[in-house]
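Breakdown of the fold
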Amino acid sequence: MKNTAPLLSPKEYEANFAELHPPLTGISAKAEAERCLYCFDSPCTKSCPTHIDIPGFIKKISSDNLLGSAKTILESNWVALTCAKACPVQVLCEGACVYNGKKEKPIEIGRLQRYVMDNYFESGMPDLFTKAQGKNKSVGIIGSGPAGLACGAELTLLGYDVTIYESNKIPGGLNSWGIAPYKMRQKDSLKEVKMIKGLGVKIKTGIRVGEAISIDKLLEKHDAIFLGIGLSESPELKIPGENLKGVHDALSFIEEVKSEKWDEVKIGKRVAVIGAGNTAIDAATEAKRLGAEQVYIVYRRAASQMSAYEFEFILAKNDGVIFLFNSVPVKIKGKKYVKEIICKKSRLDNQAGLSLIPNSDFVLPVDMVIKAIGQKPHQDFLNSIPKLKIRNGQVVVNFKNYQTGNRKVFAGGDCINGGKEVVNAAFDGKMAARSIDNYLSASA
Ligand code: SF4
C-alpha cells in the first residue's frame, strides 16, 4: 500500500513507542517489596495462571537475595520477563492483591518481577538449576513461542534432548513478534530465548515444519512432539473489496511494527481497525503512534461486549482512537487502493441475535483497513498430522495431560485455547512437559 500518513522524526517514533511502565529503581523496588504483607494464603499467587510464589519472590527482594528471587519466579514461569511486561496484571495478580480490599494501591507485582528478571539478565544469567541425568530420548517442539519455550526448558531440565523448530528467522513467537513495542521490545524476548538455549535447548530457526521437514519425519525422529504453534491464520471478513491494496491483517501489521523500523512501516492517514479484542486495540494504538491522523475501531457489538480489557480500551481512547460500536462493515470501496468503507448500524435482539438496521448505512473515508477479527492455527498443517483431532479450528487435547488424539503428540498455548495470555501458554508448556515426561517414562 502507499504510505499516506506523514513520516515522524526518529525522536518522535521513539517517544511514541517508549515503555508505558518504566523500571523500578533498587530503592523503589525494595520499598515496594516491604509494603507486601506476605499473605499466608496469597490470593495473588492463586490468580497467577503459573502460580508463582509471589510473596516468596517479593520477600527475597527485601532480603537482597535477587538471584534466589529469580529462581523462585523461574521455577513457575520460564518467560517471566515477558509476563512481567505484558501480563494484564490488573485482572490477574495485582487485581487479586489484598490491598485492593483496603482501597489502597495493590503491590506492583509486575514491576517487581521485572526488576528481579532484569537483574538476573544483567548478572549474566548465572546457573540456577540442576539438570537431571540424560534420558536418551528426544522431543521435537514445533514453535518457539511461550508454550514451546516453557516446554523445552522444562524437558531439558528433566534430562531430554530437545529441539525446537521455528519457521521465523527470529525465535520467540508471540513474545518476539506480537506484543506492542510500548509494552515490550523484541530484545527482551530474545534474552529469554538465550536463557533457554543456555539450558541446552536447541532452536532451529527458519525451518517450517511441513515444508523444510515433514511432520512424518519429525514423528520418526523424536520420541514425542509438542505443538506450540500459536495462531497464524486470520479469518476473512467475507465482504466485497477485501482484496484491495491497503487491507491488512492485524498480526502481520503488528509483526512489521515489531521490527522497530518505524519509518518503513506503511501506514494510512485514516485507518479502520475491524474488531475490538486486545489485538485490535494494539493495532489501533500502534497505527496512531506511527502517525495515522484518524484511527477508528469498528465493532459490530456494544462497548460492554468488547473482549478487550478495560485498561486497553482506556489506553486506546487516550491515544485518540475513535470507537464505533454497533457498526458492521459491509463493503470496502476503492479502485486499486482502499478509499472508504461502507458500514451499517447493528442491533442485538435477545431472540433474533445481531441484525443490521435498514437504511443505517454510513461511509468511513479510510485508506487503510486492519482486520483483527480473531485468528486460528494453521489448518493445512494441523490436517497433515495423523490422528490429530481439530474442533472449531483448534487442536483438541485432554486438558489433564495435554495429549492430542495422536498419543505421541502433545499441544499447548493458543493453538488449543484460541488465544489467551502469554502466561497461559507458559503454564501449558510447562505442564505438557511434565506429561510428556510421564508418557515417555511409562514407555521406557
Ligand atoms: Fe503481597 Fe498483595 Fe500478594 Fe498479599 S496479596 S502477598 S500483599 S502481593
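Everything quoted here is computed from the prediction, not taken from an experiment. (Residues numbered from 1 in each chain as written. Predicted model: local features only at pLDDT ≥ 70, side-chain atom pairs only at ≥ 80, totals over all residues. Heavy atoms only, no water.)

**Things to note about the packing of aromatic side chains**
Summed over the entire model, instances satisfying the criterion amount to 9 aromatic pairs. The interplanar angle of 85 degrees and the centroid separation of 6.5 Å between the aromatic rings of Tyr299 and Phe325 together place this pair among those described as edge-to-face. With Tyr299 in the loop between strand S7 (294-298) and helix H15 (310-318) and Phe325 in the loop between strand S8 (322-324) and strand S9 (327-333), this residue pair connects regions lying 26 residues apart in the sequence. Given a relative accessible area of 18%, Phe325 falls into the buried group. With a centroid separation of 5.7 Å and 20 degrees between ring planes, the pair formed by Phe323 and Phe325 is classed as stacked. (Phe/Tyr/Trp six-rings, centres within 6.5 Å; stacked < 30°, edge-to-face > 60°. Helix = DSSP H or I, 4+ residues; strand = E, 2+ residues; numbered from the N terminus. Buried < 20%, exposed > 50% of the residue type's maximum accessible area, 1.4 Å probe, protein only.)

**Remarks on the sheet that holds strand S13 (residues 368-371)**
The 5 strands lie next to each other as S5-S13-S6-S7-S8, forming an open sheet whose pairing is parallel. Unpaired on one side and paired on the other, strand S5 (247-249) and S8 mark the two borders of the sheet. The mean inter-strand angle of the sheet, taken between neighbouring strand axes irrespective of direction, is 25 degrees. Judged from the 4 bridges that link them, strand S6 (residues 270-274) and S13 form a sheet pairing that is parallel. Paired with Val271 across the bridge in S13 is Met368. Contacting S5 and S13, helix H13 (residues 250-258) crosses the sheet at an angle of about 80 degrees to S5. (Pairing = 2+ DSSP bridges. Axes fitted to C-alpha atoms, helices over the stretch in contact; angles between N-to-C directions. Contact = heavy atoms within 4.5 Å.)

**A short note on the packing of helix H14 (residues 278-289) against H15**
Packed helices, taken two at a time, are described by their axes: the angle between them and the distance between them. Two elements in contact, H14 and H15, have axes whose closest approach is 10 Å; the angle formed by their N-to-C orientations is 20 degrees. Considering the angle they form, H14 stands roughly parallel to H15. Between H14 and H15 the crossing geometry is left-handed. Contacts from Asn278, Ile281, Asp282, Thr285 and Arg289 in H14 reach Glu312, Phe313, Leu315 and Ala316 in H15. Of the residues that constitute the contact of H14 with H15, the class distribution is 4 nonpolar, 2 polar and 3 charged. (Parallel < 35°, antiparallel > 145°, perpendicular 65-115°, else oblique. Left-handed = near helix turned anticlockwise from the far one by under 90°. Nonpolar A, V, L, I, M, F, W, Y, C, P; charged D, E, K, R; others polar.)

**Focus on the packing of helix H5 (residues 66-76) against helix H8 (residues 109-122)**
Two numbers describe how H5 lies on H8: the axes approach to 9 Å, and their chain directions differ by 110 degrees. When the axis of H5 is compared with that of H8, the two are roughly perpendicular. Crossing angle aside, the handedness with which H5 passes H8 is left-handed. Along its contact with H5, which presents Leu66, Leu67, Ser69, Ala70, Ile73 and Leu74, the element H8 presents Gln113, Tyr115, Val116, Met117, Asn119 and Tyr120. Grouping the amino acids of the contact of H5 with H8 by side-chain chemistry returns 9 nonpolar, 3 polar and no charged.

**Here's the deal with the domain arrangement of the protein chain**
Taken domain by domain, the protein chain comprises domain 1 (20-122), domain 2 (138-232 + 376-442) and domain 3 (247-371). Taking only C-alpha atoms into account, the centre of domain 2 sits 31 Å from that of domain 3. Facing the 15 residues of domain 2 at the interface are 15 residues of domain 3. Summed over both partners, the interface of domain 2 with domain 3 buries about 1,200 Å², with 51% contributed by carbon and sulfur atoms. (Domains from an automatic or database assignment. Buried area = accessible area lost by both parts, 1.4 Å probe.)

**Quick word on H14**
Between the first and last C-alpha of H14 there are 16 Å, a value that for 12 residues agrees with the 16 Å anticipated at 1.5 Å per step. Counting buried positions along H14 yields 9 of 12 residues, so the element is predominantly enclosed. Those residues of H14 lying buried are Ala280, Ile281, Asp282, Ala283, Ala284, Thr285, Glu286, Ala287 and Arg289. Where H14 ends, the next residue or the one after it, Gly291, has phi of about 115 degrees, a positive value. (Expected span 1.5 Å × (residues − 1).)

**Side note on the sheet that holds strand S2 (residues 161-166)**
A sheet is described by the order of its strands in space; here 5 strands give the open sequence S3-S2-S1-S4-S16, paired in parallel fashion. Looking along the sheet, the strands with just one partner apiece sit at the ends: strand S3 (202-205) and strand S16 (409-411). Within the sheet, the average angular offset between the axes of one strand and its neighbour, ignoring direction, is 20 degrees.

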